[in-house]
Amino acid sequence: MARLVIVRHGQSQANLANIFTGWTDSPLTPHGIAQAQAVGRLLAQRGYQYGAVHTSYMQRAIKTANLILAAQDQLYIPMFKTWRLNERHYGALSGQNKAAVKAKVGAAQLQAWRRGYTAVPPQLPRAQHEARYDRLGVAIPRAESLAMTERRLVPYWQDQIAPRLLAGQDQLVVAHGSSLRALIKYLEGIGDAEIDRVEVPNAEPIVYQLDTRLQIQTKEIINQPS
Ligand SMILES: O=C(O)[C@@H](CO)OP(=O)(O)O
């Protein structure tokens, strides 16, 4: 039996400004840094020890992971960074204010893009070049639905996270609202029509106890004391 701890990054500048983020590399706010440190202290109190930590190519997740590990005195553990844990790519919505988009397209369309499973946000006319992805040999998406996000995330789960859990090592995953919704959908077998009800707040760890076949034994959401 092994433990899987998943955490969404602390508040980013884009979160604070109510801006669609996606693959935009928005930094943590001072509040986001404090949230990440508080998560680390909470997990330290529980004495969790990880075999490895997995995070994305985005600084808000990488820094949150490091702040958590620092508070747990586990900065030494292996950290794996993968584009497959990146936030869902928000396409042409990236960088736009959520309230302004809602005023333009209406609440129902906004909700479909934000929380639906198959809705693809408006695509960028061409994929943006970013040096960090050059060596990966993958096409940067022009926009992603949650379903597309799940499809690119699951191979990483199968290749890198599941084998370590099966070996009995606890794992920490620090990622994003919708990349974690995709993982939760996959792990819990949530239906396509039900996933719109799943929200993953910043810096609120979810702890799964998994059996030797990686079936969920227990799920606990750890709320930070406000
Ligand atoms: O902007 C984003 O990339 C995500 C997460 O912050 O936003 P939303 O919750 O609207 O999908």
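In this text the structure is predicted, and so the values were computed from the model without any measurement. (Residues numbered from 1 in each chain as written. Predicted model: local features only at pLDDT ≥ 70, side-chain atom pairs only at ≥ 80, totals over all residues.)

**Some details on the overall build of the chain**
Put simply, the rule reads: Numbering of helices and strands starts at the N terminus; helices are DSSP runs of H or I of at least 4 residues and strands are runs of E of at least 2. Radius of gyration here uses only the C-alpha atoms, and the compact-globule reference equals 2.2 Å multiplied by the residue count raised to the power 0.38. A residue is called partly exposed when the number of other C-beta atoms within 10 Å of its own lies between 12 and 20, exposed at 12 or fewer, and buried at 20 or more, with C-beta atoms placed from the backbone. Placing C-beta atoms from the backbone, we regard two residues as in contact once those atoms come within 7 Å.
Each helix and strand in the chain was counted, giving seven helices and six strands. Mapped in sequence order, the helices and strands of the chain form the string β-α-α-β-α-β-α-α-α-β-α-β-β. Relative to its length of 226 residues, the chain is compact, with a C-alpha radius of gyration of 17 Å against a globular reference of 17 Å. For the C-alpha atoms alone, the extent of the chain along its principal axes is close to 50 × 35 × 35 Å. Across the 226 residues of the chain, 38% fall into the buried class. Put simply, 75% of the contacts in the chain that link residues at least 6 apart link residues at least 24 apart.

**Structural notes on the UniProt feature "site: Transition state stabilizer" (unreviewed entry) in the chain**
For the record, the criterion: UniProt positions are given in the numbering used here, feature names are shortened, and annotations may be inferred rather than shown by experiment.
Feature annotation in UniProt assigns "site: Transition state stabilizer" (unreviewed entry) to the following positions: H176. Within the secondary structure layout, H176 lies in the loop between strand 4 (171–175) and helix 7 (177–188). Look past the residues within four positions of H176 in its chain and what remains in contact with it is R8, H9, S56, A61, N86 and E87.

**A look at the site of the ligand**
In plain terms, the rule: Using a C-beta atom placed from the backbone for every residue, we mark a residue as near a molecule or strand if that atom lies within 6 Å of it. Under the scheme applied, nonpolar residues are Ala, Val, Leu, Ile, Met, Phe, Trp, Tyr, Cys and Pro; charged residues are Asp, Glu, Lys and Arg; polar residues are all the others, including Gly.
The ligand sits among N15, F20, T21, G22, E87, Y90, R114, G177 and S178. Across the shell around the ligand, the residue classes tally to two nonpolar, five polar and two charged.

**Digging into the environment of K219**
Looking at where K219 falls in the secondary structure, it is placed in strand 6 (residues 216–221). Of the residues examined, K219 has 14 C-beta atoms within 10 Å and is grouped as partly exposed. Along the chain, K219 and L172 lie 47 residues apart, while their C-alpha atoms are 14 Å from each other.

**Regarding the pairing of strand 5 (residues 206–210)**
This is how it is decided: Pairing between strands is defined by DSSP: at least two bridges between them are needed.
In this sheet, strand 5 lies alongside strand 1 (residues 2–8) in antiparallel orientation, the contact comprising five bridges. Opposite V5, over in strand 5, you have V207 as the bridge partner. Bridge count between strand 5 and strand 6: five bridges; the pairing is antiparallel. Pairing of L210 across the sheet is with I216, part of strand 6.

**A word on unusual backbone geometry**
Negative phi characterises most residues that are not glycine, and trans characterises most peptide bonds. Even without being a glycine, A203 presents a positive backbone phi close to 55 degrees. When you line up the elements, A203 lands in the loop between helix 7 and strand 5. What makes A203 buried here is the crowd of 25 C-beta atoms within 10 Å. Even without glycine at this site, L214 takes up a positive phi of about 60 degrees. Locating L214 in the fold gives a position in the loop between strand 5 and strand 6.

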